[in-house]
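Examining the three-dimensional arrangement
Chain by chain, the residues run as shown.
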Amino acid sequence: MMKKNHVHNNFFLKTFQDKINTKDFISGVLPREITQKLDFSTLEIEDGTHVDDQLKTHLSDLTVKVKTKTEKPVDLYFLFEHKSYNDKTILWQLLKYQFYMFEKDYNEKRDFRTIIPIVFYHGPSKWSLNKKFSVFTGVPEYFRKYMLNFEYILYDTKHFDSSQNEKFGRNAYLMSALSLMKNIKGMSIDDIEAFFKFLFSSGLSKEKHLIIILTEYLVRTNVVEEKKVIDIIKQELGSEGEGIMPSLAQKWLEQGREQGVAEGIEKGIEKGIEKGIEKGAFIKAVETCKKALREGANPEFISKITGLTIEKIKEIQKTLQTD
């Protein structure tokens, strides 16, 4: 599941680290009572890295800052957490991220910021988890008004409708991305043909790099032969499709190499290759290594804090370079 979630999370970030996509999404799905008070010209994508007192790094998926249009404008923060499965720890995660943000405000001697948590969900099953923290903790209702509490906004891609063009600002890429996340593992050949027809009719097929991102995610999350997808691209996109073929072929080649490295890491876990590191600790060390690499830490430093060898760290680094 970890590998699949990595694919989903990378696609989510590639989509919503774009300010236009995020603006159109917030405008389309959040309550009107919130969006009408926002000055979207001030929207910024914030660094989602949080460090606690033990110097452990925690990464929230996305933090968005936007000023309000009220008489006295304030910075409003949307804390996005992306999920492709029912994660029972979601409220605990959101609480931690908010705490780190408030702690930073406290240490810098400024007013606590206003934070609205948003859970973006696109899993196959129904989202069945409580949205209120006090309910999650099991506190009796008559005590809840005295307890710490917050509630998140849930967006489930099952509610996405491809006819909602106006709702999402006629943003063809955002519509395409939401459609793919809604239909993971469930796209038939007819669905894929219709998907590329939309890319052509919307004019998005002229944006080569966006088509590659969308196609890569489609192939990695649906049971479909790459050759069949290539045939559909040629059929539906014509000459515009031919221009992206070399790049797609290179991408798929790199993914094959990445999969080989990842399988080698898994075999290393099974065989206990990492001396002195038991299986559970090794898995945790690999995840810490990935986070540190994304933050720009050098292999020597990562080796000291995780116990992994330099060679193993470089193997893991290769798996991140094709994202």
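Predicted model, so just to flag it, every value in this text is computed and none were measured. (Residues numbered from 1 in each chain as written. Predicted model: local features only at pLDDT ≥ 70, side-chain atom pairs only at ≥ 80, totals over all residues. Heavy atoms only, no water.)

A short note on the overall build of the protein
- When helices and strands are tallied, the protein shows 14 helices and seven strands.
- Across the 323 residues that make up the protein, the buried fraction comes to 45%.
- Counting only contacts in the protein whose residues sit at least 6 apart along the sequence, the fraction spanning at least 24 positions is 63%.
- Of the accessible surface of the protein, which amounts to about 17,900 Å², a share of 51% is contributed by carbon and sulfur atoms. (Helix = DSSP H or I, 4+ residues; strand = E, 2+ residues; numbered from the N terminus. Buried < 20%, exposed > 50% of the residue type's maximum accessible area, 1.4 Å probe, protein only. Contact = heavy atoms within 4.5 Å. Areas by Shrake-Rupley, 256 points an atom, 1.4 Å probe, with all protein chains shown as cover.)

Focus: the sheet that holds strand β6 (residues 114–121)
- Read across the sheet, five strands follow the order β1-β4-β5-β6-β7 without closing on themselves; strand pairing throughout is mixed. The open sheet has two edge strands with one neighbour each: β1 (38–46) and β7 (153–156). Neighbour to neighbour, the strand axes of the sheet diverge by 25° on average, direction disregarded.
- Both β6 and β7 contribute to a ladder of four bridges, which runs parallel. Its bridge partner being in β7, Phe120 is matched across the sheet by Tyr155.
- Lying on the sheet, helix α2 (residues 19–29) is in contact with β1, β4 (62–68), β5 (75–83), β6 and β7; it crosses β1 at an angle near 125°. (Pairing = 2+ DSSP bridges. Axes fitted to C-alpha atoms, helices over the stretch in contact; angles between N-to-C directions.)

Structural notes on the packing of helix α6 (residues 172–182) against helix α7 (residues 189–202)
- One way to put it is that α6 packs onto α7 with a least axis distance of 10 Å and a crossing angle of 175°. By the angle class used here, α6 and α7 are roughly antiparallel. Residues Ala172, Met175, Ser176 and Leu180 of α6 touch α7, and the partners they reach there are Phe195, Phe198, Leu199 and Ser202.
- Here the residues of the contact of α6 with α7 are counted per class, giving six nonpolar, two polar and no charged. (Parallel < 35°, antiparallel > 145°, perpendicular 65-115°, else oblique. Nonpolar A, V, L, I, M, F, W, Y, C, P; charged D, E, K, R; others polar.)

Quick notes on helix α8 (residues 208–221)
- In this model α8 runs 20 Å from its N-terminal to its C-terminal C-alpha over 14 residues, within 8% of the 20 Å that 1.5 Å per residue would give.
- Burial analysis of α8 places 11 of its 14 residues in the buried class, which makes it a mostly covered element.
- Among the residues of α8, those classed as buried are Leu210, Ile211, Ile212, Ile213, Leu214, Thr215, Glu216, Tyr217, Leu218, Val219 and Thr221. (Expected span 1.5 Å × (residues − 1).)

Notes on the packing of α7 against α8
- Look at α7 against α8: their axes get within 12 Å of each other, and the N-to-C directions meet at 170°. In terms of orientation, α7 lies roughly antiparallel with respect to α8. Across the interface between the two elements, Ile192, Phe195, Phe196 and Leu199 from α7 touch Ile211, Leu214, Thr215 and Leu218 from α8.
- Its residues placed into classes, the contact of α7 with α8 shows seven nonpolar, one polar and no charged.

Digging into the nonpolar core
- Phe78, Phe196 and Leu218 are the most contacted members of the largest nonpolar core, which has 54 residues in total.
- In this view, Leu218 contacts Leu180, Met187, Ile192, Phe195, Phe196, Val224 and Val229; residues no more than four positions away in its chain are not counted.
- Counting residues in each nonpolar core, the second largest holds 17 residues, with Ile115, Phe133, Phe150 and Tyr152 among its members. (Core = buried A, V, L, I, M, F, W, Y, C linked by side-chain atoms within 4.5 Å.)

Let's talk about unusual backbone geometry
- In this structure, Lys109 takes a positive phi of about 55° despite not being glycine.
- Among the structural elements, Lys109 can be located in the loop between α4 (90–107) and β6.
- Judged by its relative accessible area of 78%, Lys109 falls in the exposed class.
- A positive phi angle is found at Arg170, which is not glycine, with a value near 55°.
- For Arg170, the location among the structural elements is in the loop between β7 and α6.
- Since its relative accessible area comes to 55%, Arg170 is described here as exposed.

The values are spatial; any link to function lies outside them.
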